[in-house]
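# Breakdown of the fold
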Amino acid sequence: RLTERELLEERLHHLRNLMDVLSRRGDLLSPEKLPPGTLQGLVPPDAGVISLLMVDQNLNPLGSEGVAPQGDMGELRLVRSGKETSVKTRYISRWFPFEASEENVAVITVPVFDRQDLTGLLQARFSLADIRQRIAAAQRLVVIYVLLYGSVLVLFGIYLLGRTVVSPIRRLMTASVRVATGDLDQPLDLKGGPREIIDLADSFNTMQESLKTS
């Protein structure tokens, strides 16, 4: 969870800086006529941009590119009134790596100024799916390691239990059957195992000696 939060904060910080740099480009200072493809060419291909929208100071669309570039009008009005960059995220964290993940996006809106005058707003929707994929891959790796180490521990526990508890108790049961048939000349020798098993074997030998003396 800490890693996921840090990755998300780092990604949002990078995207915000990217949008702030784009808002200062000279070809956006007078955005009345934006040639097709201008907005898409501003953003690096690896930024994960879904859509771009450019509006003027009256929120009239000047250019849009990408998938569903209708824009968030609430954020546009907020940035127009405050004249500060807005970062809005929709990120749903998952506890299990095999759950279906919904679309995780970041909507960043920046004002475009010509000197001190607001000339327009630039809004971009970025995909955050790569962060979710990286976290899911790490979660799957952790699950695999837990299963592997758990299997090793279970197998070792079964072996240890059989060697130190199950096997001595079976030998004790066999000796009890032998004593019941009248064989009192073979003491039970249990040197390994837990102290309780050794004490039980000593008590059994003492009982066998008492029966033999009787």
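One can find the structure itself at the top, above this paragraph.
Residues numbered from 1 in each chain as written. Predicted model: local features only at pLDDT ≥ 70, side-chain atom pairs only at ≥ 80, totals over all residues. Heavy atoms only, no water.

### Some details on the nonpolar core
Counting residues in each nonpolar core, the largest one holds 15 residues, and the members touching the most others are Met19, Leu22, Val43, Ile108, Leu122 and Phe126. Taken together, the elements giving at least two residues each to this core come down to α1 (2–22), β1 (49–56), β4 (105–114) and β5 (117–127). Element by element, the count of residues in this core is highest for α1, at 4 residues. The residues touching Val43, leaving out its near neighbours within four places in the chain, are Leu18, Leu22, Val49, Leu52 and Phe126. (Core = buried A, V, L, I, M, F, W, Y, C linked by side-chain atoms within 4.5 Å. Buried < 20%, exposed > 50% of the residue type's maximum accessible area, 1.4 Å probe, protein only. Helix = DSSP H or I, 4+ residues; strand = E, 2+ residues; numbered from the N terminus. Contact = heavy atoms within 4.5 Å.)

### Regarding the packing of aromatic side chains
As enumerated under the stated definition, the model contains 1 aromatic pair in all. Where Tyr145 meets Tyr149, the ring centres are 6.1 Å apart and the plane angle is 20°; that geometry is what we call stacked. Placement of both Tyr145 and Tyr149 in helix α4 (residues 129–180) is noted, with a separation of 4 residues, approximately one turn of the helix. We classify Tyr145 as partly exposed; its relative accessible area is 44%. (Phe/Tyr/Trp six-rings, centres within 6.5 Å; stacked < 30°, edge-to-face > 60°.)

### Regarding the packing of α1 against α4
The contact between α1 and α4 brings their axes to 10 Å, and the two run at 155°. As judged from the angle between their axes, α1 and α4 are roughly antiparallel. Note that α1 runs across α4; the crossing there is right-handed. Every residue of α4 that contacts α1 at Thr3, Glu4, Leu7, Leu8 and Arg11 is listed here: Asp130, Ile131, Arg132, Arg134 and Ile135. (Axes fitted to C-alpha atoms, helices over the stretch in contact; angles between N-to-C directions. Parallel < 35°, antiparallel > 145°, perpendicular 65-115°, else oblique. Left-handed = near helix turned anticlockwise from the far one by under 90°.)

### Some thoughts on the side chain of Thr109
Tracing the chain through its elements places Thr109 in strand β4. One polar contact links Thr109 to Gln123, side chain to side chain, over a distance of 2.7 Å. Those residues in contact with Thr109 that sit more than four places away from it in its chain are Glu75, Leu76, Val79, Glu84, Thr85, Ser86, Leu122 and Gln123. (Polar contact = N/O pair within 3.5 Å; in protein donor to acceptor, adjacent residues only side chain to side chain.)

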